[in-house]
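# Summary of structural features
Listed below, chain by chain, are the residues.
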Amino acid sequence: MSDPSVFASPLARQAARNLHTVEWLSENDTWRSNWFCSKGFWRTRRMMTMTPDEAAAWLPALAFAVNREKELYVLAEFARWSLPEPLPPEAIPWRDALIQAWEQYPAATPWRETIRLAALVRLDRRVERLPEWLREARRAPKLDPEDRHLLLAALAGWRPRPGDGPPHGDKAEAAQAWVRFWEERYRTPGSELEGLIAATALLHLAEAGWLPSGPPPERLREEFRQRVQQWPASYHKGSVLRMVLASVPAGSTTPEQQRQEIAAWLELTRKNIGWQKREAVWGMLAAWQREGVLERSGRERLPAGRGRLREPPLLAPDLARALEWEDYGDVLIAMAGYVPGLAEVRAHPEAMRAIIARWEALSRNDDSLIRQAAWVGRWNLLRGGVLTTEKQARFAADYVDAIRSERNEDVLMALVQIQPPGTFPLAIWTRCLSDRNNECRLAARLAIHDWLVDMAGGGQRRQVRQVLRRAGQEDTDAGTVAPFVNLPPEVLPDFRRLREIETALAAGQMPPPPDAGKGKRKRMGHLATLARLPEAHPRTSPPGITDRTAGRTAGSDPQAPHPCPEVIRHE
């Protein structure tokens, strides 16, 4: 029988690389002992602009990470990941594996159980799950106020799938009970906070057509925003607010109504508003932009079926103004997730120049969390095709300087996940292996490890052998590439394990768990797999999602193609 990995799609190959990386990280003592590294890694990855296929390619890695993770705050980060819609058919088994990981997670405390449920209601929107969600909702009154609010907020995020109208037959009873549960709390809430949560749940049901005799979606959206505006946020309430706003999709109203709604939400990002509310609102608006609502709301349909751009929502100018004074790292990370679309780039060139300049300045800020957010923001602008050729060159130079001088592990972890075109700075990452703390050394190891995996998997075997030969030596008799003489063997990938993962994912399955002793054995045998990789012709077409290393081979042309299809260049 043919090896399924030979016929693996680009999506399966990228998913295999992501899972292999997370498995490799899980073997590292620093990664296991310092959960801040894990939280920063996953949060940064979530806020980086991804295509639907790129997002789907992280599902197997997330399933593995959920099974292994014990730290509460890292689990909460996992629960905030959203599925791309529509999900590529090839990724459906990976989604199911992630759902199974959450279902089997041993939630020993109310907060852990809430995190588990928050993830499940976002991932599994089938009507068949309503009896289970209803049982969980009915036990909420028995909990103390904080746990009750968090549990209800998690369950209120459930939305029917697109096209799922009110069910009939055996499913109708549970659906009607679900509607009644939230209507009762909407009419007679136990607190102001529970009223906001109930309005969120009813909004989801109304927009799916499940409330034929209830308040219309437009009224619920306006009331929901007003409740958020009037609500004084605190740390506990901020967690609830992030949860409910993250579940609210862009409305399906007219473009004019959408513009008015977005303008109203922007009022809650002003300087006199609490940081928890600013963070939650910017996170929601960034998610809407990824859905395309901000672009659509600036397009007016003409009778002939063609569209012409009208004045889009004034989000780019507001973002530019907010960046001038915003100094709270968590808010800036949420803002960094927003990438202006084509309409805004054309309509607001001055604002775009201000945004680019401000993110550049913030990437040199004294606060490490602000630097981390700024690099995410700069990378998202690069991927969005917003930067001119000159700005791209400055980005590449600043990136190399940052690796050379950065001493904060969270910022370095963000830089690892940024892969601009041009020469991969192998020498600089190599020096980071000896002159920094354990966390920074882990980031450097990850950078080199991922570069080797990407180069080999992308068909760049010849370039990898050349680099290895310059850095160490090549065992031509055995047909294997010997390890670097100046690098620890831990940075070298396990290519046999990578192939095993790729084979399983290509067959629609999750791979078996990694061998517990695999991380400690010698890598020479694994590098033999690298030596046997098939040759590939030089790339002439723009790189796809699995070709992240185009232009990143050591000694390659720094003017290599941009890793994302270009939308527009702002001159």
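Rules of the game
Residues numbered from 1 in each chain as written. Predicted model: local features only at pLDDT ≥ 70, side-chain atom pairs only at ≥ 80, totals over all residues. Heavy atoms only, no water. 1 Å grid on protein atoms, 1.4 Å probe; cavity = no way out; pocket = protein on both sides within 12 Å on 5 of 7 lines; lining within 4 Å. Points joined across faces, edges and corners; volume = space filled by probe spheres on them. Helix = DSSP H or I, 4+ residues; strand = E, 2+ residues; numbered from the N terminus. Nonpolar A, V, L, I, M, F, W, Y, C, P; charged D, E, K, R; others polar. Salt bridge = Lys/Arg side-chain N within 4 Å of Asp/Glu carboxyl O. Buried < 20%, exposed > 50% of the residue type's maximum accessible area, 1.4 Å probe, protein only. Core = buried A, V, L, I, M, F, W, Y, C linked by side-chain atoms within 4.5 Å. Contact = heavy atoms within 4.5 Å. Phe/Tyr/Trp six-rings, centres within 6.5 Å; stacked < 30°, edge-to-face > 60°. Lys NZ or Arg CZ within 6 Å of the ring centre and 35° of its normal.

### A short note on the layout of surface pockets
- Put simply, the second largest pocket is a space of about 1000 Å³.
- Residue assignment for the lining of the second largest pocket shows that the elements contributing at least two residues are helix 3 (35–47), helix 6 (72–79), helix 8 (110–123), helix 10 (145–156), helix 14 (235–247), helix 16 (275–291), helix 19 (329–336) and helix 22 (368–383).
- Looking at the lining of the second largest pocket, the element that brings in the most residues is helix 14, giving seven residues.
- In terms of residue class, the lining of the second largest pocket is built from 19 nonpolar, ten polar and eleven charged.

### Quick look at the pattern of salt bridges
- Applying the stated criterion to the full structure yields 36 salt bridges.
- Note that Asp-330 is salt-bridged to Arg-43, the shortest N-O span being 2.8 Å. Taken together, the positions of Asp-330 in helix 19 and Arg-43 in helix 3 put the pair 287 residues apart, joining distant regions of the chain. Residue Asp-330 shares its accessibility class with Arg-43, and that shared class is buried.
- Note that Asp-96 and Arg-95 form a salt bridge whose closest N and O atoms lie 3.0 Å from each other.
- Assessed through its relative accessible area of 36%, Asp-96 is described here as partly exposed.
- Beyond isolated ion pairs, a larger network of salt bridges with shared partners links Glu-103, Asp-124, Arg-126, Arg-129 and Glu-132.

### Here we look at the nonpolar core
- Core analysis: the largest hydrophobic core is formed by 170 residues, its most contacted members being Trp-42, Trp-102, Trp-182, Trp-265, Trp-282, Trp-359 and Trp-429.
- The element contributing the most residues to this core is helix 26 (residues 438–457), with twelve residues.
- Sequence-distant contacts of Trp-359, that is, excluding residues within four places in its chain, are made with Leu-323, Leu-332, Met-335, Ala-336, Ala-373, Ala-374, Gly-377, Arg-378 and Leu-381.

### Quick look at the packing of aromatic side chains
- Following the criterion strictly, the structure yields 18 aromatic pairs and no others.
- Note that Arg-185 overlies the ring of Phe-181, its terminal NZ or CZ placed 3.8 Å from the centroid.
- The ring of Trp-375 has Arg-378 sitting right over it, with the charged end atom 4.7 Å from the ring centre.

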